[in-house]
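Structure at a glance
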Amino acid sequence: MQDKNVHIEVLEQLAAGVDPATGEVFPIDSPYGQAQVIRALRFALSELKALAQKGNQGQPWTTEEDKVLLKQFNQGTKIIELATLHNRSYNAIKARLIKLGELQQK
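In this report, the structure presented in the accompanying data block is examined. (Residues numbered from 1 in each chain as written. Predicted model: local features only at pLDDT ≥ 70, side-chain atom pairs only at ≥ 80, totals over all residues. Heavy atoms only, no water.)

**Section: helix 5 (residues 90-99)**
- The complete set of buried residues in helix 5 reads Ile93, Arg96 and Leu97. The arc that holds the buried residues of helix 5, viewed along the axis, is 100°, so those residues lie on one side. Exposed and oriented more than 90 degrees from the buried face of helix 5 are Asn91 and Lys99.
- Where helix 5 ends, the next residue or the one after it, Gly101, has phi of about 80°, a positive value. (Buried < 20%, exposed > 50% of the residue type's maximum accessible area, 1.4 Å probe, protein only. Helix = DSSP H or I, 4+ residues; strand = E, 2+ residues; numbered from the N terminus. Arc of directions from axis to C-beta.)

Spelled out as structure tokens, the structure:
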């Protein structure tokens, strides 16, 4: 997530006409002053922010994430807390715990 935040900051600066490396304002005739470029940067920002908010939804589970999930669950962490910790929905955590044999499907 940190990388996404850095990318968002860079795109915001470019869309504002500011050089992210130096903080200097680009000259008037810079491509970053063109409406088409600014619109494209704003679109990219919007998409990147949407991805950042989505979290892990729809992403495959890794072996490492499964290990952490099981450890936390077996230590008594509630499903709602696990959802926050793993940036996934309550139902996704519950379904994964069922698949991993930790919960019974009703």
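**What to know about the side chain of Arg88**
- Among the secondary structure elements, Arg88 is positioned in the loop between helix 4 (79-86) and helix 5.
- Among the polar contacts made by the side chain of Arg88, one reaches the main-chain carbonyl oxygen of Gln59 at a distance of 3.0 Å.
- If sequence neighbours within four positions are ignored, Arg88 has contacts with Asn56, Gln59, Pro60, Trp61, Glu65, Ala83 and Ile93. (Polar contact = N/O pair within 3.5 Å; in protein donor to acceptor, adjacent residues only side chain to side chain. Contact = heavy atoms within 4.5 Å.)

**A short note on helix 3 (residues 63-74)**
- The end-to-end C-alpha distance of helix 3, which contains 12 residues, comes to 16 Å, matching closely the 16 Å that a straight helix rising 1.5 Å per residue would cover.
- For helix 3, every residue scored as buried is listed here: Glu65, Asp66, Leu69, Gln72 and Phe73. Burial along helix 3 is one-sided: seen end-on, the buried residues are contained in an arc of 135°. What points out from helix 3, more than 90 degrees from its buried face, is the exposed set Thr63, Glu64, Lys67, Lys71 and Asn74. (Expected span 1.5 Å × (residues − 1).)

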